[in-house]
Every structure is written in structure tokens, then in C-alpha cells.
Amino acid sequence: GGASLSPCARAGRMALARVAPVALAAGRAAALSTSSPVARRPIAVAARRVDPSTNLVALVSRSSSPGKLRHAAVATDAAPTAPPAADTLTYVDTHCHLDLIFQKMTSEAKKGKKGDAAVVDFESWRHHLTKLEDPDSESYLGAQLEACLTVACSRRAMDAVRDILPKPGVFAAFGCHPLSAHEWDADMASAVESAVADENNAVVAVGECGLDYHYALKEIEADESLADDAAREARWEEVRKTQEDVFVAQMKMATRLGAPLVIHTREAEDDTLRLMREHLRKDARVHVHCFTSSASLARTLLGEYPNLCLGFTGVCTFKNGGDVREVVRSTPLDRILLETDGPYMAPAPHRGAVAHPGHVPHIAKTIAEVKGVRAEEVFAQCRANTRRTYGF
């Protein structure tokens, strides 16, 4: 039956044959060495399910319990796999916001159009991308989208993403963004924790969470209801305290669950590092996403947290992205995750467009150029890094 499979499906079978024994052994070792309720789920043999209508490979695992499926085999220490043939390389967008991507694409498509024909949803977007990623197409960039992790970090986003999660190859992180920290309460905390702890869904991580002083300070400066510097300072202390408390709560939650943590930090390096040192295990699986902070912070994080990876977006392709490219240059390839943070910051040559997972190859190409390696090596290693960090 192999002759009737698509190139992506054949790659999935070959990759599975290579990685499954290692992944299963690593998963057993991880489960036996921790009391984490997530890590101690029944160890499962990974199986790839291909949806022929989308040519998208979804990773699921079949539990020893009859009729029970769960996403993401516990394989956090799985060894990198050898690159498949060049025309069957795959990639994962490890951080995007699919709900916002489809919303913005629909808005763009409706300009000058009327009716439902302009609505962009998962099926229409995936169908279009599949055609672009045909190895025989002039638009083919050397790899095919295998999966993506869509991030829901507000109440509204969690509601929207629940409708997308049944789609093949879609995984999620649930949490509370620092700019939404005012939404965090016992109900939201319970919703996030139950979603991540549920072995039957595709919510595999906590976040994005962290500290964002850039936009918080801008909002305070623009607030005309704050009469003077004293009022602005008082508001700032309140906002900062709220962000810190919500960040700490999610670090503790990820630790309890043994789940990966997605961190957002902007113009808050010292406080981010201080809180991580106080509340996060050194062996935590961490994705510091859309890394645009200093090279010094990158070195410190990579040195202190051996299971931490830095995510790089389209910013590394920008003309003014030289500082980020320097961080890419000094970051070991096995500590890098590919992400778009779509719909934001589409990479060159698509600047100004709606960023989406199909743009990842442009980011991978830039990383390869900066590090002086082949793009195939970046795709293969970053795919292994994703599996090690997120388990899929």
C-alpha cells in the first residue's frame, strides 16, 4: 500500500519507524522518574494518522486502555532523527494564533468581496497551503507543514481555539498572557489546568505567560484618567504585581502537571529571570517564544535551564533584525524552535501580510544562512526539538 501514499504520509511512516522505539523508551524512563500526573499517563506507542483531505500528519498515540486515544506520547528525551529525503521534510509552527490568523485573513479576503465566499477557515487555508507545498510546485520551499501549536492566552481565545482543536495536526497551549493578567481568577486557572491535564485532548502546554512591560507602560502613559506621576506610578505597581502573580501561578501549574511552559517576555528581562529562578524547576521544558531579548539573557537562560528552547519568528528575517540574528548565531541548533507567532510579524518576503504556519520555511532558511548550515538540517533538528519540548 505504500505506493498510494502521499510523500508526506510516506515520510511519516519512515520517521515513525526510526523514532518510535527511542521515543517509547524515553517516555517510559520519564514517566517512571516523575510523579507528574501528565508525565505518568499510560505510555503509548506513537502512531501517525494521515488525513488525506489535508495531507497533514497528526500525531496521536494509542493507549493500552481499549478504545482510548491521547495526543502526544511522552517522549521528551527522544533523540533527533535522521533527516528524511529532501522532498519529504516536515516542520511544525510551534507558536501561532490560528483563531486570529483566520480572522485577519477573512478580513483581508472580504475587502471588495461579499458573502461567505470570502470566509477563511482551517479547511480553506489548509487546502491552499497544501497546493503551495506540493514538491512539484514552483512555490515549494523544501518542507511540508506537519502540525502547529496554536496558543490561547485569554478567555476569548480559549473559547475560539476549542472549535479549532479537533482539526488534524492542531495542538494548543492554554494560559494567560501578561496583558490579559487582569482576567486571571480561580475559574480561568481551573479551565487552563483541566484542559492541560486532560489526556484526551490536544492541549499540551501552559502559556503563553510571563511579563510584558512594553505595552503595559504604553497603556498607562496613554490613560488620561491618571492625573499625575503619582497616579501613574501607583497604577504601574498594581499592573506589575498582577503580571508577576499570574506568571508565578502558571509556572507552578506547569510544574504540578509536568507540562511544557510557554514564556513571553518583553522589556522585563531582570524580573522574568528572577521569577523563573524562584519558581521554576531547572529541568522544566520551556519555550521562550518570539525571542527578541538580549544575547545576555539568551546565554543565561540556555545555561541555567537545559530543557529550555528559544523560539525565533519572522523578526530574524527583517532588515532591522540584526540583533536577533546574532542571538540565532550563538544559540545551538538543538535549542531552537521554529515559530511564526502568526498573524503577527510575517517574515520577508511577506512583510505586511498575515503571518501563518506556512511561512515557517522562510524563517528556517534565514536560520540556516546565519548558522552556515543547510536548510534541511534546520528543518530536521528543529522538528526533533519540537518533539523533545512538546511531545509531538
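Residues numbered from 1 in each chain as written. Predicted model: local features only at pLDDT ≥ 70, side-chain atom pairs only at ≥ 80, totals over all residues. Heavy atoms only, no water.

(A) How the structure looks around helix α7 (residues 229-257). Under the 1.5 Å per step criterion, the end-to-end length of α7 is 42 Å for 29 residues, consistent within 8% with the ideal 42 Å. The complete set of buried residues in α7 reads W236, Q243, E244, V246, F247, V248, Q250, M251, M253, A254 and L257. Elements in contact with the buried residues of α7: α5 (186-197), β7 (203-212), α6 (213-222), β8 (261-266) and α8 (269-279). G258 occupies a position one or two residues after α7 and carries a positive phi of about 65°. (Helix = DSSP H or I, 4+ residues; strand = E, 2+ residues; numbered from the N terminus. Expected span 1.5 Å × (residues − 1). Buried < 20%, exposed > 50% of the residue type's maximum accessible area, 1.4 Å probe, protein only. Contact = heavy atoms within 4.5 Å.)

(B) Seen up close, the packing of helix α10 (residues 322-330) against helix α11 (residues 360-371). It is at 9 Å that the axes of α10 and α11 come closest, and there the two elements cross at 70°. When the axes of α10 and α11 are compared, the pair comes out roughly perpendicular. Seen from above, α10 lies across α11 with right-handed handedness. Here R325, V328 and R329 of α10 come into contact with α11, specifically with T366, I367, V370 and K371. (Axes fitted to C-alpha atoms, helices over the stretch in contact; angles between N-to-C directions. Parallel < 35°, antiparallel > 145°, perpendicular 65-115°, else oblique. Left-handed = near helix turned anticlockwise from the far one by under 90°.)

(C) Representation of the pattern of salt bridges within the structure. Evaluated as defined, the whole model comprises 20 salt bridges. Close ionic contact of K167 with E123 constitutes a salt bridge, the shortest N to O distance being 2.6 Å. Within this pair, whereas K167 is found in the loop between α4 (155-162) and β6 (170-174), its partner E123 is found in helix α3 (residues 122-132), the two being separated by 44 residues in sequence. Residue classification places E123 among the partly exposed positions, given a relative accessible area of 39%. One network of salt bridges, in which partners are shared, links E244, D271, R274 and E278. (Salt bridge = Lys/Arg side-chain N within 4 Å of Asp/Glu carboxyl O.)

(D) Examining the sheet that holds β8 more closely. The strand order across the open sheet formed by 8 strands is β4-β5-β6-β7-β8-β9-β10-β11, and the pairing between neighbours is parallel. Of all the strands in the sheet, the pair left with one neighbour each is β4 (90-96) and β11 (336-338). Taking each pair of neighbouring strands and ignoring which way they run, the sheet shows an average axis angle of 30°. Bridge count for β6 against β7 is 3 bridges, and the pairing is parallel. For A173, the partnering residue across the bridge sits in β7 and is A205. Of the strands in this sheet, β7 and β8 are in contact with α6, which crosses β7 at around 50°. (Pairing = 2+ DSSP bridges.)

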